[in-house]
Amino acid sequence: MFSIVSSSSSLVNSTLNIQNSPKSPISVMSATSKFKTLTENFTVRVLKAENRELNVPLLSPFTIASSRLDSVNNVAIRIELSDGCVGWGEAPILPSVTAEDQITAMVKARETGEFLRELPDMKLGNALKEIERFLPGHQFASVRAGMEMAMIDAAAKSVGMPLWKLFGGASSIITTDITIPIVSPEEASTLASKYRKRGFETLKLKVGKNLKADLEVLQAIRAVHPTCSFILDANEGYQTEEAVRVLETLHEMKVTPVLFEQPVHRDNWEGLSHVTRTAKNRFGVSVAADESCRGLTDLKKIIEGGFVDVVNIKLAKTGILEALEVIELAKSSGIELMMGGMVETRLAMGFSGHLAAGLGCFRFIDLDTPLLLSDDPVQGGYKAWGAVYEFNDEGGHGGYLQWNDVA
């Protein structure tokens, strides 16, 4: 596991102590100083590193403009340190966004586990850098995220520190939206009515496959949940002028979405810029980049070109360490933040939720996919009260699997 270098557990816990009250906005580097202290003060040695398929059916098909899912087919990761502490991670698989499929992710996770077991004792920060080196770039970002999650989870357990405190301690709760996939107007109406009763005030609507059908669905939702806020997520589905037409039609309906996410193809920078300018200047709507922002390189291009107002942070696109860099650069450049995820269980979603709660700098929270699964294989972890997730003081992210029951 992780042992302490030139220190004791009580001293490190004292160093990592964070006030629980919300904080005024500060830089990500300042907010995560306790995480930095952990990476610099612990020596790690991996005893076991295992991975298994994590397959969970969805309650109903999850259809977006670019793909359809009937089940979660991710990779669960378990890392045991030499002192017995166990960390849990998840590599989410969504081939339209992540580069890995499940077979590739399983192979790379196993190879990374073998690599970690052969490493000598080293500081946690150096071990995380070794993972980055072994799984470079966007090609293996999802597996890298899962391995980093498990390592950081185990380290936080070693000092009894919940991740939301480790990442800044701004809050122990978040409020998420909930997604309505591409469905018929009748199905959308039923879902919106159900979510209204459960306390969801922000609905994220998947659009981008058929403009006429999208508008019919919007009208159906508005009829049963007239006070809800809308996020539109086209997943690259519209042509530039179609995206503008959506905003014009909604304006005529007296509906103003709070966010328009990835309206056009990820590489259509000219179209993305045009939609952003039109949305902001004519309708007061913010535009977000998701598929167009897969890491620091994309973000720098977005900043230089002024292409969007918001970027969607997904750990599976970047891994945890690069995500912290993306968040810091976006904040310092005046770009607002959304915390999102792939189609994940409460393992990966819990880690993302802790990060968002701890930093407290996200305007939009989209961490709903565990609510769309037919079963919850995760034990422990955060509690969900409708749209509100509450994180306790247990070390790490708190979630775990009954390993022998995993596929």
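All values derive from a computational prediction rather than experimental measurement.

## Notes on the overall build of the protein
Right, on to step 1. Per the secondary structure count, the protein includes 15 helices and 19 strands.
Right, on to step 2. Its C-alpha atoms give the protein principal-axis dimensions of about 65 × 45 × 35 Å.
Right, on to step 3. Looking at the protein as a whole, 58% of its 407 residues qualify as buried.
Right, on to step 4. When the accessible surface of the protein is split by element, carbon and sulfur atoms take 48% of a total near 15,600 Å².
Right, on to step 5. Here the protein contributes 41 positive and 50 negative side-chain charges, whose respective centroids are spaced 3 Å apart.

## Quick look at the sheet that holds strand β10 (residues 229-233)
Right, on to step 1. Pairing is parallel across the open sheet formed by eight strands, whose spatial order is β8-β9-β10-β11-β12-β13-β14-β15. Strands with a single pairing partner mark the edges of an open sheet, and in this sheet they are β8 (178-180) and β15 (364-365).
Right, on to step 2. Pairing of strand β12 (residues 287-289) with strand β13 (residues 310-313) involves two bridges; the strand directions are parallel. Among the inter-strand pairings, A289 is bridged to a residue of β13, identified as V311.
Right, on to step 3. Contacts from helix α8 (residues 185-197) reach β8 and β9 (202-206), with the element oriented near 165° to β8.

## Observations concerning the packing of aromatic side chains
Right, on to step 1. Applying the stated rule across the entire model yields nine aromatic pairs.
Right, on to step 2. Summarising the aromatic geometry, the rings of Y382 and Y389 are spaced 4.5 Å apart at their centres and angled 25° between planes, so their arrangement reads as stacked. The same class applies to Y382 and to Y389, which are both buried.
Right, on to step 3. With centroids separated by 5.7 Å and ring planes inclined at 65°, the aromatic side chains of Y382 and F391 adopt a geometry described as edge-to-face. With respect to class, Y382 is no different from F391; both count as buried.
Right, on to step 4. Connected via pairs of aromatic rings, a cluster forms that spans F35, F167 and F351.

## Some words on the environment of S171
Right, on to step 1. Examined against the element boundaries, S171 turns out to sit in the loop between α7 (163-166) and β7 (173-175).
Right, on to step 2. With a relative accessible area of 22%, S171 lands in the partly exposed category.
Right, on to step 3. The residues contacting S171, other than those within four sequence positions of it, are W164, A357 and G358.
Right, on to step 4. Reaching out from S171, the side chain makes a polar contact with the backbone nitrogen of I173 at a distance of 3.1 Å.

## Brief notes about helix α6 (residues 141-158)
Right, on to step 1. If you check α6, its first and last C-alpha atoms are 26 Å apart, about what 18 residues at 1.5 Å a residue would give, namely 26 Å.
Right, on to step 2. Where burial is concerned, most of α6 is hidden: 17 out of the 18 residues are buried.
Right, on to step 3. Trailing α6 by a residue or two, G160 shows a phi angle of about 65°, which is positive.

## Overview of the sheet that holds β7
Right, on to step 1. Reading across the sheet, the three strands line up as β7-β18-β17 and stay open at both edges, with antiparallel pairing between neighbours. Every interior strand has two partners, whereas the edge strands, β7 and β17 (383-385), have only one. The sheet shows a mean angle of 20° between the axes of neighbouring strands, direction not considered.
Right, on to step 2. In the sheet, β17 pairs with strand β18 (residues 388-390) via three bridges, with the strands oriented antiparallel. When the bridges of β18 are listed, K383 appears paired with E390.

## Digging into the nonpolar core
Right, on to step 1. I79, I221, F260 and V311 are the most contacted members of the largest nonpolar core, which totals 126 residues.
Right, on to step 2. Sequence-distant contacts of F260, defined by excluding residues within four places in its chain, comprise L232, A234, Y238, A243, L247, V275, V285, S286, V287 and A288.
Right, on to step 3. One finds L54, V378, W403 and V406 within the second-largest nonpolar core, a separate group that totals nine residues.

## Comments concerning the packing of α8 against helix α9 (residues 211-224)
Right, on to step 1. Remark: α8 packs on α9, axes separated minimally by 8 Å, with the N-to-C direction vectors making an angle of 35°. In this structure, α8 meets α9 at a crossing whose hand is right-handed. Contact residues: α8 offers P185, A188, S189, A192, S193 and R196, while α9 offers E216, V217, A220, I221 and V224.
Right, on to step 2. Here the residues of the contact of α8 with α9 sort into seven nonpolar, two polar and two charged.

## Focus on the confidence of the model for the protein
Right, on to step 1. Here the protein shows a mean pLDDT of 91. Residues at 70 or above account for 93%.
Right, on to step 2. For the stretch residues 1-24, pLDDT sits under 50, and the model shows 61 contacts to residues farther than four places along the chain or on other chains.

## Some remarks on the side chain of T179
Right, on to step 1. Here T179 shows up in strand β8.
Right, on to step 2. Beyond its immediate chain neighbours, meaning those up to four positions away, T179 contacts F62, Y195, K204, K206, D366, D368 and L372.

## Some remarks on the packing of helix α5 (residues 124-134) against α6
Right, on to step 1. Two elements in contact, α5 and α6, have axes separated by 10 Å at closest approach and are oriented at 165°. As summarised for this structure, α5 and α6 are arranged roughly antiparallel, according to the angle between their axes. The crossing of α5 and α6 is right-handed. For the pair α5 and α6, contact is made by L124, A127, L128, I131 and E132 and by R144, M147, E148, M151, I152 and A155, respectively.
Right, on to step 2. Across the contact of α5 with α6, the residue classes break down as eight nonpolar, no polar and three charged.

## With respect to the pairing of strand β5 (residues 86-91)
Right, on to step 1. Counting buried positions along β5 gives six out of six residues, so the element sits mostly inside the fold.
Right, on to step 2. Residues V86, W88 and E90 of β5 are buried on one face, and the alternating residues G87, G89 and A91, pointing to the opposite face, are buried as well.
Right, on to step 3. Linking strand β4 (residues 68-81) back to β5 in an antiparallel pair, the connection comprises four residues, with G84 at a positive phi of about 95°.

## Quick notes on helix α11 (residues 269-283)
Right, on to step 1. In a regular helix each residue adds 1.5 Å, so 15 residues correspond to 21 Å; α11 covers 20 Å between its end C-alpha atoms and thus fits that length.
Right, on to step 2. By the burial criterion, the buried members of α11 are W269, G271, L272, S273, V275, T276, T278, A279 and F283.
Right, on to step 3. Where α11 is buried, its residues contact α10 (240-252), β11 (259-261), β12 and α12 (296-305).
Right, on to step 4. Immediately beyond the C-terminal end of α11, within one or two residues, lies G284, with a positive phi of roughly 65°.

Here is what the cut-offs are and how they apply
- Residues numbered from 1 in each chain as written.
- Predicted model: local features only at pLDDT ≥ 70, side-chain atom pairs only at ≥ 80, totals over all residues.
- Heavy atoms only, no water.
- Helix = DSSP H or I, 4+ residues; strand = E, 2+ residues; numbered from the N terminus.
- Buried < 20%, exposed > 50% of the residue type's maximum accessible area, 1.4 Å probe, protein only.
- Areas by Shrake-Rupley, 256 points an atom, 1.4 Å probe, with all protein chains shown as cover.
- Lys, Arg positive; Asp, Glu negative; His and termini not counted.
- Charge placed at Lys NZ, Arg CZ, Asp CG, Glu CD.
- Pairing = 2+ DSSP bridges.
- Contact = heavy atoms within 4.5 Å.
- Axes fitted to C-alpha atoms, helices over the stretch in contact; angles between N-to-C directions.
- Phe/Tyr/Trp six-rings, centres within 6.5 Å; stacked < 30°, edge-to-face > 60°.
- Polar contact = N/O pair within 3.5 Å; in protein donor to acceptor, adjacent residues only side chain to side chain.
- Expected span 1.5 Å × (residues − 1).
- Core = buried A, V, L, I, M, F, W, Y, C linked by side-chain atoms within 4.5 Å.
- Left-handed = near helix turned anticlockwise from the far one by under 90°.
- Nonpolar A, V, L, I, M, F, W, Y, C, P; charged D, E, K, R; others polar.
- pLDDT = per-residue confidence, 0-100.
- Parallel < 35°, antiparallel > 145°, perpendicular 65-115°, else oblique.

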